[in-house]
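# Remarks on the overall topology
The primary structure of each chain is shown beneath.
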Amino acid sequence: MSQAEKVGRLEALLARVRARSAEPRRARATESAAAAAPAAEPVTMLDEDVLDAPTRPPPQMTEADIVLEVDVQETSQETVIGVTVEEAVTVEVSLESRERLVAAEPVGLEALGDSSPEAATEIRGVEQESPPEVLADVEEVVEDAPASSRRPVAPEPEEQIAEIAFGAQEPQPPRHTPPPESGRLPAAPVVEFDGDVTGVREATPIAPHRAEELEPTAVSALAPEPVRELTPDVTRARLTASEDVVDVVGEAQRFAPPTFAALLDASLSL
Amino acid sequence: MTAPSFDPTHAVRFDLPRGSVRAGGEGVLLVPTAALDDLVLSAPAEAIEALGRALGAAIGRRAAARMNPSTAAIEAFVTHLAGEAAIAGVGALSVERWGRALVVVVEDSPLVGTLLSPLVAAAVEAASGRPVACTLLSRDERSARILVGSERGVGRVREWVAAGVPWGEAIARLHGGVT
């Protein structure tokens, strides 16, 4: 399939989706109710047994496999991401969509009165005769599995295809999941980023300036630098010998006896 | 000026036939030092001082015979006095001058301090012909220091040293600010 064909097909799908979305819902509901009028006969058989019995599941309808190949080209130069979507969509999944039933406006009896007055009369009778809780159960049963109202199955896959093609809505997480347990949160997964995308790259060692530094630099780049022991840097003054340092104020001892007798006399005089 | 010398030739004569020893014309006796130590330990202070003075007087007289004490220089006096003390076996004698104070130092002496102090005083008196007083300043295993002075000055220093004053400070106090 060429790219032009793909684009053409996608545009056709888009046009069909827009056309369907432009149609009034009431008219569609009336049509579907009219289409289901022949099957409305079982409604007149509502009783206790019918309400308690499980609703008959819709028929298993599997649509042909839809293989959609989308090639997305980014504006960047080299990045090309090819996504291949291959899904087997079953009608059961689409029919179980509760959102569609809730979002649609309820079809009043007045709308049904024109097409099948007998069925409307029967429904009114049931409403008047049945208690409110039974009616609520009936409504729930009808909303959960509307086996009596067939729906067109063709537009459902088209809408899904459109959503997949244009990315209108991401798949929702499963409902009614248990609340998260208290306690430690799991560690974040390790994510590796591409350096070409983020621009963060590992620095390369700087080449030495001199040839003799090549080997020590290589060794130091691999091994951590050891802690150096601190050694004092001693700065000593250079003093030259000088005779002018001494400044004699007076004689330390003037007494200098010439003879021993004079010394003895001085000692005896003390 | 030539250095003074001490001539010990024939200072001691041993007369073996007679069994006598003579030094400086007088007889001497070779006495073991241990005997003197026993005597000092048992004798009274006056006897010890008398013994010391007798030993010192003999040394001083022999030194005075070798020189003129009144005119002899300090070196010459000390040389002859130390020579005679060495012959007697008292020890190596020298002189220190602390200001005006005269201090005699005796090294390697076999005698106790209480015997050395009167010995030095008597030796100086006999050699110089002047009456002096002495007191022991310090004594250790090697040397002893003896102050030579007047009776009054020596008495003051002895009191200071007995009171715990270092002997160097005591000598300084003795000078009283006079250098």
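Described in the following lines is the structure provided in the data block.

What counts and how
- All chains use their own residue numbering, which begins from 1 and follows the written sequence.
- Key to labels: chains lettered from A, ligands numbered from 1, both in the order written.
- Reporting of local features is limited, given that this is a predicted model, to residues whose pLDDT is at least 70; pairs of side-chain atoms are given and counted only at 80 or more, and all residues count toward the totals for whole chains, interfaces and linings.
- If DSSP finds at least two bridges between two strands, the strands pair.
- Secondary structure elements follow DSSP: runs of H or I no shorter than four residues count as helices, runs of E no shorter than two count as strands, and numbering proceeds from the N terminus.
- Axis definition: a line fit to C-alpha positions, over the contact stretch in the case of helices; interaxial angles, taken between N-to-C directions, run 0 to 180 degrees.
- For the purpose of contact definition, each residue receives a C-beta atom placed from its backbone, and two residues are in contact when these atoms lie within 7 Å.
- As a working rule, the residues Ala, Val, Leu, Ile, Met, Phe, Trp, Tyr, Cys and Pro are called nonpolar, Asp, Glu, Lys and Arg charged, and the rest polar, with Gly in that last group.
- In these notes the angle categories are as follows: under 35 degrees is roughly parallel, over 145 is roughly antiparallel, 65 to 115 is roughly perpendicular, and the rest is oblique.
- Crossing handedness: left-handed means the near helix sits turned counterclockwise from the far one by under a right angle, and right-handed means the same turn made clockwise.
- Put simply, a residue is buried when 20 or more other C-beta atoms lie within 10 Å of its own C-beta and exposed when 12 or fewer do; between those, it is partly exposed, and each C-beta is set from the backbone.
- To estimate how far a helix should reach, multiply one less than its number of residues by 1.5 Å.

## Section: the sheet that holds strand S3 (residues 26-28) of chain B
Residue and element names in this part refer to chain B. Read across the sheet, 3 strands follow the order S1-S2-S3 without closing on themselves; strand pairing throughout is antiparallel. Of all the strands in the sheet, just strand S1 (12-15) and S3 have a single pairing partner and so form its edges. The mean angle between the axes of side-by-side strands here comes to 35°, regardless of whether they run parallel or antiparallel. Where strand S2 (residues 20-23) and S3 come together, 3 bridges link them in antiparallel fashion. Residue Val21 lies in a different strand from S3, and its bridge partner there is Val28.

## Section: the interface of chain A and chain B
Of the residues lining the interface, 13 residues belong to chain A; the matching set on chain B comes to 22 residues. Here the residues of the side of chain A that touches chain B sort into 10 nonpolar, 3 polar and no charged.

## Remarks on the packing of helix H5 (residues 151-162) of chain B against helix H6 (residues 167-175) of chain B
All names here are of chain B. Running from N to C, H5 and H6 cross one another at 140°; their axes reach a closest spacing of 9 Å. Accordingly, the angle class assigned to the pair H5 and H6 is oblique. When the axes of H5 and H6 are compared, the crossing they make is right-handed. Listed contacts from H6 to Gly153, Arg156, Val157, Trp160 and Val161 of H5 are Trp167, Ala170, Ile171, Arg173 and Leu174. When its residues are assigned to classes, the contact of H5 with H6 shows 7 nonpolar, 1 polar and 2 charged.

## Observations regarding the environment of B:Arg22
Residues and elements named next belong to chain B. You can see Arg22 is positioned in strand S2. According to the C-beta neighbour criterion, Arg22 is partly exposed, with 15 such atoms within 10 Å. For the pair formed by Arg22 and Val12, sequence separation is 10 residues and the distance between their alpha carbons is 5.6 Å. Once residues within four sequence positions are removed from consideration, Arg22 is found in contact with Arg13, Asp15, Gly27 and Val28.

## Details of helix H4 (residues 113-128) of chain B
All names here are of chain B. Its 16 residues give H4 an end-to-end C-alpha distance of 22 Å, which sits within 8% of 22 Å, the value for a rise of 1.5 Å per residue. The element H4 is largely enclosed, with a buried count of 14 among its 16 residues. Just downstream of H4, Gly129 is the residue with a positive phi angle, here 80°.

## Points about the pairing of strand S7 (residues 143-149) of chain B
The two faces of the sheet receive side chains in turn, since in a regular strand these alternate between them. Residues and elements named next belong to chain B. When you tally the buried positions in S7, you get 6 out of 7 residues, the bulk of the element. Pairing of strand S5 (residues 101-107) with S7 involves 6 bridges; the strand directions are antiparallel. Opposite Val106, over in S7, you have Ala144 as the bridge partner. Bridge count between strand S6 (residues 133-139) and S7: 6 bridges; the pairing is antiparallel. Paired with Thr135 across the two strands is Leu147, which belongs to S7.

## Focus: unusual backbone geometry
Residues and elements named next belong to chain B. Phi at His10 is positive, roughly 55°, even though this residue is not glycine. Tracing the chain through its elements places His10 in the segment before S1. Of note in the backbone geometry, Asp108 takes a positive phi value of approximately 55° without being a glycine. Mapping Asp108 onto the fold places it in the loop between S5 and H4. On the basis of neighbour counts, which here come to 10 C-beta atoms within 10 Å, the residue Asp108 falls in the exposed class.

## Describing the packing of helix H2 (residues 45-64) of chain B against H4(B)
Between H2(B) and H4(B), the least distance of the axes is 6 Å, while the angle of their chain directions is 35°. Helix-helix and strand crossings are classified by hand; for H2(B) and H4(B) the assignment is right-handed.

## Describing the sheet that holds S6(B)
All names here are of chain B. Strand order in this open sheet of 4 strands is S4-S5-S7-S6, and the pairing throughout is antiparallel. Each edge of the open sheet is held by one strand with a lone partner, namely strand S4 (92-98) and S6. Looking at each pair of strands side by side, their axes are set apart by 25° on average, direction ignored. Docked against the sheet, H4 engages S5, S6 and S7, running at close to 140° with respect to S6.

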